Amino acid sequence: MTNGSEVVHGYPHLDTARAAITALHKRLSYDGVRAYGTSVAPADVAFADHDDLHLGTQRVARALVRQLRLPEARMIVSFREMEHAASVELTAGPEYFIELNDRFRKHRRDIGAALAHEITHVLLHRLGLSFPGTRDNEILTDTVTTYLGAGWLLLDAFREDAVSSQKLGYLTPEEFGYVLAKRAMVFGEDPSVWFTSPQGYTAYTKGRAEALRDGQQPPLSAAGWNGRRRYAKDRRYAQDHPAGPGRPGPGPDPAYAFEPVPGGGLRVSFPCPTCRQRIRVPVRGRVRARCSLCRTILECDT
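The shown structure was predicted, so the numbers you read here are calculated from the model rather than taken from an experiment.

Rules and cut-offs
- Residues numbered from 1 in each chain as written.
- Predicted model: local features only at pLDDT ≥ 70, side-chain atom pairs only at ≥ 80, totals over all residues.
- Heavy atoms only, no water.
- Buried < 20%, exposed > 50% of the residue type's maximum accessible area, 1.4 Å probe, protein only.
- Helix = DSSP H or I, 4+ residues; strand = E, 2+ residues; numbered from the N terminus.
- Pairing = 2+ DSSP bridges.
- Axes fitted to C-alpha atoms, helices over the stretch in contact; angles between N-to-C directions.
- Contact = heavy atoms within 4.5 Å.
- Expected span 1.5 Å × (residues − 1).
- Core = buried A, V, L, I, M, F, W, Y, C linked by side-chain atoms within 4.5 Å.
- Salt bridge = Lys/Arg side-chain N within 4 Å of Asp/Glu carboxyl O.
- Phe/Tyr/Trp six-rings, centres within 6.5 Å; stacked < 30°, edge-to-face > 60°.

Draft legend 1. Highlighting the pairing of strand β3 (residues 86-89). Of the two faces of β3, the one holding Ala86 and Val88 is buried and the one holding Ser87 and Glu89 is not buried anywhere. Bridge count between β3 and strand β4 (residues 95-101): 4 bridges; the pairing is antiparallel. Along β4, the bridge assignment pairs Ala86 with Leu100. Connecting the antiparallel pair β3 and β4 is a turn made up of 5 residues, with Gly93 showing a positive phi of about 85°.

Here it is, written out as structure tokens:
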């Protein structure tokens, strides 16, 4: 886990975070994801300055192990001088060794954030879920930490002013806010009340706005006028050129793409706004679709 000295903002890793949400749903299944319906409570991971360092760290680690539903996982935590914020030794268990940067001895309020990321590494190791490459795998870890109810701590550890800054993890603050908002929409939570960092709260509101836009893209019925107009233009193009591919939306995860149907007609594919798995429905006006992965019911106007 890294501690960013120069904070990057925006959404440079959004495609990877979205892929991580899909991969998590596929690995855990609908019922598995729903088992994480409640986020870790602030009181369970609070760390006062007068608390004993090692006893308090073990208490917080146990709370995060419970949150991430890790059976028989004992975390042995130590502190030492190191370049990164934290690291974990991944073995067959049942004991896992986590090292935290010595600076957390004085910055105890952020110990929970560092532990959340490292304990999620243990969970992913047990699930056999990983992405190729260190960067993408760390983004997967940040995303899963957040989506399973422990990552709000990472966003709350973000602080920035005119002379200094701190950010834990690989996602940008706004990307943390995006994933946290996606979780909040699924489980009906309001994580905004948990933030002690004003900068973390602001990043959450920006990320939430981006997450809401996922549900306002055509062919979803909630799409705005500009989106509907663009969609109608692309649909006409696909209908006039049935032998070739329809014009997709921009980017590696296009908003929608048209495909010819054997025997005539079209269907449109688009990412589910909840889990990002692609859904295919016939182009025939108003259609109700159900995502087979996350079971979200979607009202579409194709």
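From this point on, the discussion continues.
Draft legend 2. The arrangement of the sheet that holds β4 in detail. Read from one edge of the open sheet, 3 strands run β2-β4-β3, paired in mixed fashion. If you trace the sheet from one side to the other, it starts and ends with β2 (74-80) and β3, each paired once. For this sheet the average axis-to-axis angle between neighbouring strands, irrespective of direction, equals 20°. Contacts between helix α4 (residues 111-127) and the sheet are confined to β2, β3 and β4, with β4 contributing the most and set at about 145° to the helix.

Draft legend 3. Focus on helix α7 (residues 173-187). A rise of 1.5 Å per residue sets the reference length of α7, with its 15 residues, at 21 Å; its end C-alpha atoms lie 21 Å apart and thus fit the reference within 8%. At the exit of α7 stands Gly188, carrying a positive phi of roughly 70°.

Draft legend 4. Seen up close, the nonpolar core. Of all hydrophobic cores here, the largest spans 69 residues; its most connected members are Leu64, Met75, Leu100, Leu115 and Ile119. By residue number, the principal contributor to this core is α4, which donates 10 residues. If sequence neighbours within four positions are ignored, Leu100 has contacts with Val77, Ser78, Phe79, Arg80, Met82, Ala85, Ala86, Ile111, Ala114 and Leu115. The next biggest cluster of nonpolar side chains, apart from the first, holds 20 residues, and it includes Leu266, Cys291, Cys294 and Cys300.

Draft legend 5. Geometry of the pattern of salt bridges. Counting across every chain of the model gives 15 salt bridges. In this structure, the salt-bridge partner of Glu189 is Arg183, at a minimum N-O distance of 3.0 Å. One exposure class covers both Glu189 and Arg183, and it is buried. Arg267 serves as the salt-bridge partner of Glu259, at 2.7 Å between the closest nitrogen and oxygen.

Draft legend 6. Molecular detail of unusual backbone geometry. Backbone torsion omega between Pro218 and Pro219 reads 10°, so that peptide bond is classified as cis. With respect to the helices and strands, Pro219 occurs in the loop between α8 (198-214) and α9 (225-240). Phi angles above zero are rare outside glycine, and Arg276 is one such case at about 75°. Following the sequence through the fold, Arg276 ends up in the loop between β8 (266-271) and β9 (278-282). Look at Arg295: it is not a glycine, yet its phi comes out positive at around 65°.

Draft legend 7. Broad picture of the packing of aromatic side chains. This structure, assessed with the given rule, holds 5 aromatic pairs. Seen from their ring centres, Trp152 and Trp194 are 5.3 Å apart, and the 45° between their planes marks the pair as tilted. With Trp152 in helix α6 (residues 152-156) and Trp194 in the loop between α7 and α8, this pair connects stretches of sequence that are 42 residues apart. For the ring pair Phe195 and Tyr204, a centre distance of 5.9 Å and an interplane angle of 40° mean the geometry is tilted. There is no split in this pair, since Phe195 and Tyr204 are both buried.

Keep in mind these numbers describe shape, not what the thing actually does.
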